[in-house]
Amino acid sequence: MAGTIAVPLQQLIASLDDSCLPKIIQVCSGVYFQGSIYELSGSEVCFSTGDLIKVIGIELLSVCCEDISNNDKFELPISHTGLFKVVPEEMPYNSMEEMLILRPVALDSCLPFTFTCNAKMTFGNFTLGAGRALTVRSIEQRQGEEDQVRCHVKGQQEASAEVCIPLSTQGEFRECESEECFTLREIMSSSYLRSRRFRFMNTTKCQQPLVLSPIYQVNAIMNLRKNILKFPSSLEVDVIDVTDVCKDVIFATPLSLTEVLTQPEESFPAVVEMLESPENRSLFKCSWLPEFSQGKRLIFHKTGTAAMVLLSSMKSKKTQQYFLVSQQYGGRFRRRPREFNSVYQLYVASTQAPGLKVSVTRNCEEVEEEGLPALSVGEQLDVIRLERMELPCESSNAQRESVEALLCQRVQESDDEDDDEEEDVKQKEEREEVLLPVYMQGHFVEVLTDNKKYNLKDLGKEFSLPLDVKVVSRDSELGTDPLTGFSCLRVEGAMLEPVIQASFPHAPDHCFEIPTRWLSMSVSFTSDPLPWTSGEPPKCRIDRVTEVTDLFFYEFQKQEESGAVPPPRPPKRNLSADTSKKSSKPSKKSSKSKHRSGKSTPTKELADLTLNSKKRPPAPPPPENSDDGPPPLLPRKHATAEVMTGKALPNTYVKIEGSMKKGKAIQSTLRQHS
């Protein structure tokens, strides 16, 4: 690198354009405290003497304006809308040739420009007075003759003429100020304009001559740096261009997993190095992820898109588990009946798969005011369609309220002792249409008659999700199939995932699929050889099941349910009117309940028996016509015997199991049992 001249970084970057990139530069000065450290938008850039930097891109950010009278500097954004005028050069030229030669850039780039001469000039029979403005148009070159400058001169009354002035013409020539104005972007796009001085066209601003210098954002890579560096070209370091000397130096290019997917097919298989530990570790519980660490080597076999399904185990005493399963999974499944906790869930399931049949698993009492019918355990319901039903009115003058309801057919078991003649009539009577409001809560289980075995592909084609299944035959290609130990698994959803098929160098045939959307890390391709004979890749065995965490499941649900409509709410009712109506006459639900169970259910008493209730029952009233104070309490050791024998006094209170009861009431109960 002998003879190479060091220049400021700002100057070298300003001389580059996209056509000459990439460029390799080396830091040769500007080291502070073992490195030049600049805090740039939260990222630290440190350059030391000898560092190699490969510039891969530049982007114009702003312009540095320097007042040459006092060396003050300030920056303007490249989008600044103010206009600038070119400041003429102060130094006079002694000849036409000197004026053209000393232009800062090639003559063709700076034409036209205007100048004056302090002395009278005569060319043949044409004379120009002192101070006349001439505009240089072009250079006339004739073989065997002296080169001449073709100039345009404007006369009186807008008359104009052209004159050719020999290059050897002597005099005092000065450049004139041009009336043309430029924006910052126009100035920075011209090498000629960048070499000139300017002043603001607006007189309210600084009128001193300014030197304008572009400030670029430099995109570069360095060896052993995980990310693309971004820094301004105004850093005060000196560098040298070593592109020709270091053209064979290999810079490790950091790539995200998403960028790896865009690499051409011929780039695989390859050995890559992890430049950082992966993020989002909390989404996975698989066996291969703990081995991922900075500096670890991996083999990337190929990239592609894999169809996957998300499975979840049923909630139980054990922790609920989730699995991301490839549709290439070789195990077989059998459907399991689904459970539903509301009519709305029945409606959603019926829209996905018509012909839904369910069985009631918990009694539902009738509430006439809300349109809720009575349902009994074991009743089978065939879901038909969604309709609208009218709720009963509180008065004859009130307007009926209409709500959405699910029309079902209630199917009851037929009586085997019925005669053949009455069989058809019985069948009609056993199917009863019932309307279930979509806001109704209930407990139902799906009725299945299908005992067929399916693979994951068939399940996705024939049924809508979610779907409850059980593994009935394991995947023989897996050493340990984690799905076989569950009595029921729910297929939550399906997805197409961009994946990278990878393995570790010590086990190149044991592959796993990395879902790039859910894992973030940077890698770089290396020149390390593959751990197998050239042209003889191993037969890969791919893990088809990847365990994920509940956080993965929740993130998946957010994406799937972003546009989901919440279930409907029950209509608002007039509670005061309902209360008075219930108190004035017995409700049908109580009579039906008595008819079904043989005795009324003490609903209010059951509601009062809560675990958090700390209220004691109120004390019983004192006996009538008693002036001797409250009746005596029997001793605790005699209380049980007295009650069991029925010898307790009529108005004597006994304390049994922590509650007070009247002896008279207990005696009455004992007499009924005897």
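Residues numbered from 1 in each chain as written. Predicted model: local features only at pLDDT ≥ 70, side-chain atom pairs only at ≥ 80, totals over all residues. Heavy atoms only, no water.

Asks: Hey, could you run me through the confidence of the model for the protein chain in this one?
Replies: Low pLDDT means the predicted atomic positions in that stretch should not be read closely. Summarising the model, the protein chain shows a mean pLDDT of 77, and 74% of its residues fall at 70 or more. In the model, residues 575-617 has pLDDT below 50 throughout and makes 23 contacts with residues more than four positions away in sequence or in other chains. Scored below 50 in pLDDT, residues 625-674 shows 46 contacts in the model against residues more than four places distant or in partner chains. (pLDDT = per-residue confidence, 0-100. Contact = heavy atoms within 4.5 Å.)

Asks: Before we go on, may I ask you to explain the pattern of salt bridges in this structure?
Replies: Proximity of charged atoms lets side chains of opposite charge pair with each other. On inspection of all chains with the given rule, the structure shows 18 salt bridges. Measuring nitrogen to oxygen at the nearest pair gives 2.7 Å for the salt bridge that ties Asp468 to Arg490. In this pair, Asp468 is assigned in strand β33 (residues 467-473) and Arg490 in strand β34 (residues 489-504), connecting sequence segments 22 residues apart. For Asp468, a relative accessible area of 3% puts it in the buried group. For the salt bridge of Arg517 with Glu497, the shortest nitrogen-to-oxygen distance reads 2.4 Å. A residue pair is termed long-range when its members are at least 10 positions apart, and Arg517 in the loop between β35 (507-515) and β36 (522-525) and Glu497 in strand β34 qualify at 20 residues. Judged by relative accessible area, which is 0%, Glu497 ranks as buried. Here the salt bridges do not stand alone but share partners, grouping Glu140, Arg150 and Glu162 into one network. (Salt bridge = Lys/Arg side-chain N within 4 Å of Asp/Glu carboxyl O. Helix = DSSP H or I, 4+ residues; strand = E, 2+ residues; numbered from the N terminus. Buried < 20%, exposed > 50% of the residue type's maximum accessible area, 1.4 Å probe, protein only.)

Asks: What should I look at first to understand the side chain of Glu492 in this one?
Replies: Mapped onto the secondary structure, Glu492 falls in strand β34. Buried and unpaired, Glu492 has no salt bridge, with Arg490 as the nearest side chain of opposite charge at 4.9 Å. At a separation of 2.6 Å, a polar atom in the side chain of Glu492 contacts the side chain of Ser312. Here Glu492 is in contact with Leu310, Ser312, Leu465 and Phe553, once residues within four sequence places are set aside. (Lys, Arg positive; Asp, Glu negative; His and termini not counted. Polar contact = N/O pair within 3.5 Å; in protein donor to acceptor, adjacent residues only side chain to side chain.)

Asks: I keep staring at the sheet that holds strand β8 (residues 93-95) and nothing clicks. Help me out?
Replies: Paired through their backbone hydrogen bonds, the strands of a sheet run either parallel or antiparallel. Here we have six strands laid out as an open sheet, ordered β8-β15-β9-β12-β13-β14, and antiparallel in their pairing. Where the open sheet ends on each side, the last strands, each with one partner, are β8 and β14 (160-166). Between one strand axis and the next, the sheet turns by 40° as a mean value, whatever way the strands run. Pairing of strand β9 (residues 113-117) with strand β15 (residues 170-175) involves three bridges; the strand directions are antiparallel. If you follow Cys117 over to β15, its bridge partner there is Phe173. (Pairing = 2+ DSSP bridges. Axes fitted to C-alpha atoms, helices over the stretch in contact; angles between N-to-C directions.)

Asks: What is the right way to read helix α7 (residues 343-352) from this model?
Replies: Note that an α-helix has 3.6 residues per turn; residues three or four places apart therefore point the same way. Listing the buried residues of α7 in full gives Val343, Tyr344, Leu346, Ala349 and Ser350. Buried residues along α7 sit in contact with β26 (339-342), β27 (357-360), β28 (380-391), β29 (401-411), β30 (431-437) and β31 (441-446).

Asks: Hey, could you run me through the sheet that holds β30 in this one?
Replies: In spatial order, the strands read β26-β31-β27-β28-β29-β30; together these six strands make up an open sheet with antiparallel pairing. On the outer flanks of this sheet lie β26 and β30, each paired with one strand and no other. Taken over all neighbouring pairs, the strand axes of this sheet differ in orientation by 45° on average, direction set aside. Where β27 and β31 come together, three bridges link them in antiparallel fashion. Across the sheet, Val358 pairs through a bridge with Glu446, a residue of β31. Against the sheet, α7 engages β26, β27, β28, β29, β30 and β31, with an angle of about 130° to β26.

Asks: In this structure, what is going on with unusual backbone geometry? I would like to understand it.
Replies: In most cases, non-glycine residues show a negative phi, while peptide bonds are predominantly trans. Along the chain, Leu21 connects to Pro22 via a cis peptide bond; the corresponding omega equals 0°. Checked against the element boundaries, Pro22 lands in the loop between α1 (9-14) and β2 (23-29). Following Phe268, the chain continues to Pro269 via a peptide bond in cis, the omega torsion being -5°. With phi around 65°, Asn71 is a residue other than glycine that occupies positive phi space. Relative to the helices and strands, Asn71 resides in the loop between β5 (52-67) and β6 (72-77).

Asks: Explain the nonpolar core here, please?
Replies: Soluble globular proteins tend to bury their nonpolar side chains together. Ranked by internal contacts, the top residues of the largest apolar core, which has 34 residues, are Phe284, Trp288, Phe292, Leu298, Phe300 and Ile514. Within the residue set of this core, elements represented by two or more residues are α6 (257-261), β22 (270-274), β23 (297-313), β24 (322-326), β34, β35 and α10 (550-560). In this view, Phe292 contacts Met274, Pro278, Arg281, Leu298, Phe504, Phe512, Ile514, Leu519 and Met521; residues no more than four positions away in its chain are not counted. Core analysis: the next-biggest nonpolar cluster, separate from the first, contains 24 residues, Leu356, Leu391, Val403 and Val434 among them. (Core = buried A, V, L, I, M, F, W, Y, C linked by side-chain atoms within 4.5 Å.)

Asks: Sorry if this is basic, but what is going on with the pairing of β33 here?
Replies: Two faces belong to every sheet, and in a regular strand the side chains alternate between them. Bridge count between strand β25 (residues 332-336) and β33: five bridges; the pairing is antiparallel. Each bridged residue has a counterpart across the sheet, and for Arg332 the counterpart in β33 is Ser473. In this sheet, β34 lies alongside β33 in antiparallel orientation, the contact comprising three bridges. Looking across to β34, one finds that Asp468 is bridged to Arg490.

Asks: Explain the pairing of β5 here, please?
Replies: As paired elements, β2 and β5 share four bridges and run antiparallel to each other. Bridging from a neighbouring strand, Ile25 pairs with Ile53 of β5. Where β5 and strand β18 (residues 210-221) come together, twelve bridges link them in antiparallel fashion. By the bridge assignment for β18, Leu60 is matched with Tyr216. Note: β5 against β6, six bridges, orientation antiparallel. Paired with Glu66 across the strands is Lys73, a residue of β6. Turn length for the β5-β6 hairpin, with the two strands adjacent in sequence and antiparallel, is four residues, and the turn residue Asn71 shows positive phi of about 65°.

Asks: Can you help me understand the environment of Cys540 in this one?
Replies: With respect to the element layout, Cys540 can be found in the loop between β36 and β37 (541-542). Between the C-alpha atoms of Cys540 and Pro508, which are 32 residues apart in sequence, the distance is 7.6 Å. Residues contacting Cys540, with those up to four places away along its chain left out, are His301, Gln501, Pro508, Asp509 and Cys511.

Asks: What am I meant to see in a nonpolar patch on the surface here?
Replies: Residues Met91, Ile101 and Leu102 make up a contiguous nonpolar surface patch of roughly 310 Å² in combined accessible area. Turning to its location among the elements, Met91 is positioned in the loop between β7 (84-87) and β8. (Patch = residues over 30% accessible without salt bridge, like charges linked within 9 Å, V, L, I, M, F, W, Y side chains within 5 Å. Areas by Shrake-Rupley, 256 points an atom, 1.4 Å probe, with all protein chains shown as cover.)

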